[in-house]
Amino acid sequence: MRLQFLLASLVLPLSSGFVTPNNGMTKTKPTTTTSLSVKRMPIMMPTQEPMVPYRAPGSSYDQFIGLQSRQLRDRKLWIARYIDEEASNSIISSLLYLQSESDKEDIKLYLNIPGANLRPALAIYDVISELKADGVKIATTNIALCAGMGSLIAGAGTKGMRYSLPNARFLLQKTGMDQVFQGQATDIALEVRNIKKWNELMNVEISKVTGQSLERIDNDLKRDFYLSSEEAVRYGLIDEVLLPMPGKRTPPSDVVDLGSFQSGSEQKYQREGPPPAEGQQQQPGAPGQGMFSNGNDDDGPKIAKG
């Protein structure tokens, strides 16, 4: 009996259950198993900045850098976010860095600003004005929407270099408090008076940028004042509207771009010549010929029908 008890104690760690003597009776306690729970994460698109190859001057190999960093090396800065204190610090540091690199080359700003806080946006406006005073030419291009202080930044570029895409919009409006202000009634009244004073100063800057009188600007900004790209040219906020150039098809080099743009006093789509009359077949190579030379909208190979 003693030998059997020792053998049972040795087999105990290897068995699926354990056996204990209890007054000559044997009880078996089954083991419980726990199933492994595996949760599969959903497939998500990458949210990091796209990486592009770049070869530094004098280097024999390429390296991958961020897309915005690559464009910054070409002196192109994208401002496509709501402008707060953090965005203002990043934009101002980028502008000062580009000036330190070269004060002879132009700086190109591409704008898509849905809104901005008053004081951070005015800081960017002051830096742009200071760079222009130092002789740096700054080109601004509204690609989608410039609202509030974003419209003032779009008009702060160098005269003759303020552009807009055909379907871009501008929104001039007065600004309010950046955030909820709490305190005593006297302090709230002082904050409201300060915001009103800054709006009056902003109207003065808009008058300098556009050439409009203060009376007209005060009257226009009583409510939200929307402008199309062509209306912004007439208002004096920008200089030109960029229009597609239909004559350009394939660039002469191996580098494929997204097409070229041209601008002019006639704000409409430019054609090389008048379109052919209805029912008249245009000859290949004739002036005004578009992308297709067979008179229809089929750009594939000709197929004999019949």
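Located above this text is the structure these notes cover.
Residues numbered from 1 in each chain as written. Predicted model: local features only at pLDDT ≥ 70, side-chain atom pairs only at ≥ 80, totals over all residues. Heavy atoms only, no water.

Q: Help me out: how do you make sense of the overall build of the chain in this one?
A: Within the chain, the regular secondary structure consists of eight helices and 13 strands. A buried classification covers 30% of the 306 residues belonging to the chain. Long-range pairs, those at least 24 residues apart, make up 58% of the contacts in the chain between residues at least 6 apart in sequence. (Helix = DSSP H or I, 4+ residues; strand = E, 2+ residues; numbered from the N terminus. Buried < 20%, exposed > 50% of the residue type's maximum accessible area, 1.4 Å probe, protein only. Contact = heavy atoms within 4.5 Å.)

Q: Honestly, the packing of aromatic side chains in this entry has me stumped. Any pointers?
A: Remark: the centre distance and the inter-plane angle together describe each pair of aromatic rings, the angle taken between the planes. The tally for this structure, following the rule as stated, stands at two aromatic pairs. On the numbers, 5.0 Å between centres and 20 degrees between planes, the contact of Trp 78 with Tyr 110 is stacked. Residue Trp 78 is found in strand β5 (residues 76-79), and its partner Tyr 110 is found in strand β6 (residues 107-113); the two are separated by 32 residues along the sequence. Owing to a relative accessible area of 37%, Trp 78 belongs among the partly exposed residues under this scheme. (Phe/Tyr/Trp six-rings, centres within 6.5 Å; stacked < 30°, edge-to-face > 60°.)

Q: How do you make sense of the packing of helix α3 (residues 85-101) against helix α4 (residues 118-133) when you look at a structure like this?
A: Helices that pack against each other are described as a pair by the angle of their axes relative to one another and the distance between those axes. Running from N to C, α3 and α4 point in directions that differ by 10 degrees, and their axes come no closer than 9 Å. The angle between the axes of α3 and α4 places the two elements in the roughly parallel class. Seen from α3, the contacting residues are Glu 85, Ser 88, Ile 91, Ile 92, Leu 95, Leu 96 and Gln 99; seen from α4, they are Pro 120, Ala 123, Ile 124, Val 127, Ile 128 and Leu 131. Partitioning the contact of α3 with α4 into residue classes produces ten nonpolar, two polar and one charged. (Axes fitted to C-alpha atoms, helices over the stretch in contact; angles between N-to-C directions. Parallel < 35°, antiparallel > 145°, perpendicular 65-115°, else oblique. Nonpolar A, V, L, I, M, F, W, Y, C, P; charged D, E, K, R; others polar.)

Q: Explanation requested: a positive patch on the surface in the structure shown.
A: There is a patch of like positive charges on the surface, built from Lys 174, Lys 196, Lys 222 and Arg 223. Among the secondary structure elements, Lys 196 is positioned in helix α6 (residues 185-210). (Patch = residues over 30% accessible without salt bridge, like charges linked within 9 Å, V, L, I, M, F, W, Y side chains within 5 Å. Areas by Shrake-Rupley, 256 points an atom, 1.4 Å probe, with all protein chains shown as cover. Salt bridge = Lys/Arg side-chain N within 4 Å of Asp/Glu carboxyl O. Lys, Arg positive; Asp, Glu negative; His and termini not counted. Charge placed at Lys NZ, Arg CZ, Asp CG, Glu CD.)

Q: What is the right way to read unusual backbone geometry from this model?
A: Leaving glycine aside, a negative phi is the common case for residues, and trans is the common case for peptide bonds. We note that Arg 75 has phi near 65 degrees; this positive angle belongs to a residue other than glycine. You can see Arg 75 is positioned in the loop between α2 (67-73) and β5. For Arg 75, a relative accessible area of 7% corresponds to the buried category.

Q: Explain the packing of α4 against α6 here, please?
A: Relative orientation of the contacting elements α4 and α6 amounts to 30 degrees, with a least axis distance of 12 Å. In terms of their interaxial angle, α4 and α6 are classed as roughly parallel. At the point where α4 passes α6, the crossing takes the left-handed sense. Where α4 approaches α6, its residues Leu 118, Arg 119, Leu 122 and Tyr 125 are matched on the opposing element by Glu 191, Asn 194, Ile 195, Trp 198, Met 202, Glu 205 and Val 209. Looking at the contact of α4 with α6 residue by residue, the classes come out as seven nonpolar, one polar and three charged. (Left-handed = near helix turned anticlockwise from the far one by under 90°.)

Q: What is the right way to read the pattern of salt bridges from this model?
A: Pairs can form between side chains of opposite charge once their charged atoms are near each other. Going through the model one piece at a time under the given rule, you end up with seven salt bridges. Its salt-bridge partner being Asp 74, residue Arg 70 comes within 3.1 Å of it at the nearest N-O pair. For Arg 70, a relative accessible area of 24% translates into the label partly exposed. Linking Arg 75 and Glu 105 is a salt bridge whose minimum nitrogen-to-oxygen distance equals 3.8 Å. Residue Arg 75 is located in the loop between α2 and β5, and its partner Glu 105 is located in the loop between α3 and β6; the two are separated by 30 residues in the primary sequence. Owing to a relative accessible area of 47%, Glu 105 belongs among the partly exposed residues under this scheme.

Q: I'm lost on α3 in this one. Help?
A: Note: α-helices contain 3.6 residues per turn, so residues at a spacing of three or four share the same orientation. Taking 1.5 Å per residue, 17 residues should reach 24 Å; α3 reaches 24 Å between its end C-alpha atoms and fits that length. Buried within α3 are the following residues: Ala 87, Ser 88, Ile 91, Ile 92, Ser 94, Leu 95 and Leu 98. One side of α3 holds all its buried residues, which, seen down the axis, span an arc of 160 degrees. For α3, exposure combined with an orientation more than 90 degrees from the buried face picks out Glu 86, Asn 89, Ser 100 and Glu 101. Among the structural elements, α2, β5, β6 and α4 are those in contact with the buried residues of α3. (Expected span 1.5 Å × (residues − 1). Arc of directions from axis to C-beta.)

Q: Can you help me understand the pairing of strand β3 (residues 51-54) in this one?
A: A regular strand carries its side chains on alternate faces of the sheet. Side chains of β3 alternate between two faces, with Val 52 and Tyr 54 buried and Met 51 and Pro 53 left unburied. Of the pairings in the sheet, the one linking β3 to strand β4 (residues 63-66) comprises four bridges and is antiparallel in character. Bridge pairing in β4 places Tyr 54 opposite Gln 63. (Pairing = 2+ DSSP bridges.)

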